[in-house]
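Next come the chains, spelled out residue by residue.
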Amino acid sequence: MKDLSYQPNLIARSLRRKKTNSIGLIISDIVNPFFSEIAWSIEYLSFIEKYSLFLCSTNGNEEKEIFYINQLSEWQVDGIILISPKNCNAYLKILEDRNIPVVLVDNESPGCDVDMIGVDNYRGGIIATEHLISLGHKKIACITGPFTDNPSYDRVRGYKDALNKHGIEVDEDLLIAGNFDVISGVQAANIFLEKGERPTAIFACNDLMAIGVIQSAAAHNLVVPKDISVVGFDDITLAKYIVPPLTTVKQPMREIGEQALNSMVEIIKNPNKACRTITLSVRLEERQSTQMIKREQS
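Scope of this entry: the structure provided in the associated data block. (Residues numbered from 1 in each chain as written. Predicted model: local features only at pLDDT ≥ 70, side-chain atom pairs only at ≥ 80, totals over all residues. Heavy atoms only, no water.)

## A few points about the packing of aromatic side chains
Here is step 1: A full pass over the atoms with the stated rule returns five aromatic pairs.
Here is step 2: Ring geometry for phenylalanine 54 against tryptophan 75: centres 5.2 Å apart, planes inclined by 35 degrees, an arrangement best described as tilted. Note that phenylalanine 54 is positioned in strand E2 (residues 52-57) and tryptophan 75 in the loop between helix H3 (62-74) and strand E3 (79-83), a separation of 21 residues in sequence.
Here is step 3: A relative accessible area of 31% places phenylalanine 54 in the partly exposed class.
Here is step 4: By relative accessible area, which is 43% here, tryptophan 75 ends up partly exposed.
Here is step 5: Here tyrosine 159 and phenylalanine 203 contribute two aromatic rings whose centre-to-centre distance is 6.5 Å and whose plane-to-plane angle is 40 degrees, an arrangement assigned as tilted. One end of the pair, tyrosine 159, is in helix H6 (residues 150-165); the other, phenylalanine 203, is in strand E8 (residues 201-204), with 44 residues separating them in the sequence.
Here is step 6: Tyrosine 159 sits in the buried class, given a relative accessible area of 0%.
Here is step 7: The buried category is assigned to phenylalanine 203, whose relative accessible area is 0%.
Here is step 8: If you follow lysine 50 out to its NZ or CZ, it ends over the ring of phenylalanine 47, 5.2 Å from the centre. (Phe/Tyr/Trp six-rings, centres within 6.5 Å; stacked < 30°, edge-to-face > 60°. Helix = DSSP H or I, 4+ residues; strand = E, 2+ residues; numbered from the N terminus. Buried < 20%, exposed > 50% of the residue type's maximum accessible area, 1.4 Å probe, protein only. Lys NZ or Arg CZ within 6 Å of the ring centre and 35° of its normal.)

## Let's talk about the pairing of strand E1 (residues 22-27)
Here is step 1: In terms of burial, E1 is a largely internal element, six of the six residues being buried.
Here is step 2: Burial of E1 is two-sided: the residues Ser22, Gly24 and Ile26 facing one way and the residues Ile23, Leu25 and Ile27 facing the other way are all buried.
Here is step 3: Sheet analysis places E1 next to E2, joined by six bridges and oriented parallel. Pairing of serine 22 across the sheet is with serine 52, part of E2.
Here is step 4: Each parallel crossover has a hand, and the one from E1 via helix H2 (residues 33-48) to E2 is right-handed.
Here is step 5: As defined by bridge partners, E1 adjoins E3 across four bridges and the pair is classed as parallel. (Pairing = 2+ DSSP bridges. Right-handed = clockwise from strand over helix to strand, strands pointing away.)

## Details of the environment of isoleucine 83
Here is step 1: Mapping isoleucine 83 onto the fold places it in strand E3.
Here is step 2: With a relative accessible area of 1%, isoleucine 83 lands in the buried category.
Here is step 3: Spatially, the C-alpha atoms of isoleucine 83 and isoleucine 293 are 38 Å apart, while their sequence positions differ by 210 residues.
Here is step 4: With sequence-adjacent residues up to four places away left out, isoleucine 83 is seen in contact with Leu25, Ile26, Ile27, Ser28, Phe35, Ile38, Ile42, Val105 and Asp106. (Contact = heavy atoms within 4.5 Å.)

Don't take any of this as a statement about function, it's just geometry.
Shown next, in the form of structure tokens:
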């Protein structure tokens, strides 16, 4: 076999064994470091487990998501990991009908019989907001993700509950929906910073939007954190290198990837195993984008 440089026919072998030793990974946005860092972890472990990985990035487009689901189905992958899909329940039903194992990441689908991997987003919203409150801030704005996004919804719920807990009234005018990218962070911050009475702190529901806030502040001749404090969510690698380094709620992205891949491998080896929901903890990474308030608030 070595002398003839023989290569086994993997397609024929797969048909015989009814296994392809391949996994599909569908993510919303490969450019977003949150997704790319999870994808890195999944790819790394897939190689160790001897699985080929098909990576599909959809840009949050439902048409692309269903296209890739159909393609991966035709390629007879052994399972699919879905990260932040748009139309979660519909996709899960399709894959269930096709008997393709699924692991769901960064989203929820109550009542569906699949493994779900995520973090305590609600707790993260509380941690971020209470950190700002502990520094004396009362006029705290929030840049959310899309209102249909489950993780963002839970972070905002934590933000509101933290305010209520500390006797601070929730001002709906201090909530603006972004799109988890830098430009939407800039645009939302522009609105906040051009108000007659601007907030003294902003909690952005991911780091990219928080970076946008810092850019907007600089464009308005404001210094972070002297003039306005900023907290993000994710702790992407870039967060510690921007100026100032970003205070943020840390998601264990590599562990999320590890749990997703390990769950998928377990399901492939034991299709009858009980499904489970894994919720990982978050914590505050305090850096230099927040500080004690210097002036009185109304």
